[in-house]
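The residues making up each chain are set out below.
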Amino acid sequence: MTRSVVIMLGAPGAGKGTQAVRLSGELGLPHVSTGDLFRENLSQGTALGAQAKEYMESGRLVPDELVIDMLFDRVARPDCADGYLLDGFPRTVHQARVLDARLGDSASVTIVNLVVPDEVIVERAAGRLLCRSCNNIAHRTFAPPRTAGVCDACGGELYTRDDDAPEVVRKRLAVYLEQTAPVVDFYAAQARVCSVDGGGHPDAVFESARRAIQVPAQGERGGA
Ligand code: AMP
């Protein structure tokens, strides 16, 4: 069976994480977020977490070799045997090339690029809240939790990422433009990118993404 790999691209704060969670549920593919994996390593105090810490806190990319090993370890686990959805990887052209070489012809790859204007990105990152337990994402203004500080999905504690501070968001955007935007061009050269307007309400963005990658809505599905 061909493995199905979905890659979410987009600037920091474009809504990748939010849409990745929803699409992974819709497609039945595990959500693999390199940012979440690094944050888990940080909170568990691993050697990898210690190596990644200063890069993350300053809004820079963690060196390719650390990310690639961590990612390939993760996708080698049995739950990824039929495929997975990548959120936050690849973020450099080198990472994209290594992933391509690793997948070869063994996977059907779908790329979703969430396109959002810069000013919306800064606004979104400024109010973003993340659950310490389940990594669910909420937003102070656009998607407030039912109870302040408490995750709607699991009851865990919501917190603001250190790297969502405005000056770090600006650095992350600059890093995105310099190192990650070329990844979109890399895939576009192979005519494989589904561009989705990520500027609207999360439900509308999800609908556009679903259509772009041609996943039928619940009511449109035929058969059993
Ligand atoms: P994210 O949660 O995807 O915004 O990632 C948070 C931080 O983790 C980034 O700002 C980087 O420092 C680091 N990171 C996550 N994924 C990657 C990657 N593919 N390459 C390099 N650094 C990464």
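Rules used throughout
Residues numbered from 1 in each chain as written. Predicted model: local features only at pLDDT ≥ 70, side-chain atom pairs only at ≥ 80, totals over all residues. Heavy atoms only, no water. Helix = DSSP H or I, 4+ residues; strand = E, 2+ residues; numbered from the N terminus. Rg over C-alpha atoms; globule rule 2.2 N^0.38 Å. Buried < 20%, exposed > 50% of the residue type's maximum accessible area, 1.4 Å probe, protein only. Near = heavy atom within 4 Å. Polar contact = N/O pair within 3.5 Å; in protein donor to acceptor, adjacent residues only side chain to side chain. Areas by Shrake-Rupley, 256 points an atom, 1.4 Å probe, with all protein chains shown as cover. 1 Å grid on protein atoms, 1.4 Å probe; cavity = no way out; pocket = protein on both sides within 12 Å on 5 of 7 lines; lining within 4 Å. Sits in = over half its atoms within 2 Å of the grid points. Nonpolar A, V, L, I, M, F, W, Y, C, P; charged D, E, K, R; others polar. Pairing = 2+ DSSP bridges. Axes fitted to C-alpha atoms, helices over the stretch in contact; angles between N-to-C directions. Contact = heavy atoms within 4.5 Å. Core = buried A, V, L, I, M, F, W, Y, C linked by side-chain atoms within 4.5 Å. Expected span 1.5 Å × (residues − 1). Bend = angle between axes of the 7 residues up to and from the residue. Left-handed = near helix turned anticlockwise from the far one by under 90°.

Caption draft 1: Structural view of the overall build of the chain. A count of helical and extended segments in the chain gives eight helices and eight strands. Relative to its length of 224 residues, the chain is compact, with a C-alpha radius of gyration of 17 Å against a globular reference of 17 Å. Its C-alpha atoms give the chain principal-axis dimensions of roughly 40 × 40 × 35 Å. Burial statistics for the chain: of 224 residues in total, 46% are counted as buried.

Caption draft 2: Here's a closer look at the site of the ligand. Around the ligand lies a shell of 16 residues, among which Thr34, Arg39, Arg60, Gly88 and Arg161 are the nearest. Contact distances for the ligand include 2.8 Å between a nitrogen atom and a side-chain N or O atom of Thr34. Separating a nitrogen atom of the ligand from a side-chain N or O atom of Arg91 is a distance of 3.0 Å. A total of 480 Å² of accessible area belongs to the ligand in isolation, and the protein chains cover 96% of it. Because more than half of its atoms lie within 2 Å of the grid, the ligand is assigned to the largest cavity. The element that contributes the greatest number of residues to the shell around the ligand is helix α2 (residues 34–43), accounting for four residues. Taken together, the residues that form the shell around the ligand break down as six nonpolar, four polar and six charged.

Caption draft 3: Structural context of the sheet that holds strand β8 (residues 193–197). With respect to topology, five strands assemble into an open sheet ordered β2-β3-β1-β4-β8, the strand pairing being parallel. A strand with exactly one partner marks an edge of an open sheet, and here the two such strands are β2 (31–33) and β8. Pairs of neighbouring strands in the sheet enclose a mean axial angle of 25 degrees, with direction left out of account. Pairing of β2 with strand β3 (residues 83–87), which is carried by three bridges, proceeds in the parallel orientation. The residue of β3 that forms the bridge with Val32 is Leu86. Sheet strands touched by α2: β2 and β3. Its angle to β2, the strand with the most contacts, is close to 65 degrees.

Caption draft 4: Region of the structure containing the side chain of Ser24. Counting through the fold element by element, Ser24 comes out in helix α1 (residues 16–27). A residue is classified by how much of its surface remains accessible, and Ser24, at 9% relative accessible area, is buried. Setting aside anything within four residues of it in sequence, one finds Ser24 in contact with Leu29, Pro30, His31 and Leu85.

Caption draft 5: Broad picture of the nonpolar core. Ranked by internal contacts, the top residues of the largest apolar core, which has 50 residues, are Ile7, Val32, Phe38, Tyr84, Leu86, Leu99 and Tyr187. Among the elements that make up this core, the one with the highest residue count is helix α4 (residues 64–75) (seven residues). In this structure Ile7 touches Leu86, Phe89, Pro90, Leu99, Val109, Thr110, Ile111, Val112 and Tyr187, once residues within four positions along its chain are discounted. Cys131, Ala138, Cys151 and Leu158 belong to the second largest nonpolar core, which has five residues in total.

Caption draft 6: A look at helix α7 (residues 166–188). For α7, which comprises 23 residues, the first-to-last C-alpha distance of 30 Å matches the rise-based estimate of 33 Å (1.5 Å per residue) to within 8%. By the largest-angle criterion, Leu177 marks the main kink of α7, which is about 45 degrees. All buried positions along α7 are accounted for by Val168, Val169, Arg172, Leu173, Val175, Tyr176, Thr180, Val183, Val184, Phe186 and Tyr187.

Caption draft 7: Here's a closer look at the packing of α2 against helix α3 (residues 47–57). Two elements in contact, α2 and α3, have axes whose closest approach is 8 Å; the angle formed by their N-to-C orientations is 115 degrees. For the pair α2 and α3, the sense of crossing is left-handed. Residue-level contacts link Gly35, Phe38, Arg39, Asn41 and Leu42 of α2 to Leu48, Gly49, Ala52, Lys53 and Met56 of α3. Counted by class, the contact of α2 with α3 contains five nonpolar, three polar and two charged residues.

Honestly, that's just the spatial picture; any functional story needs more than this.
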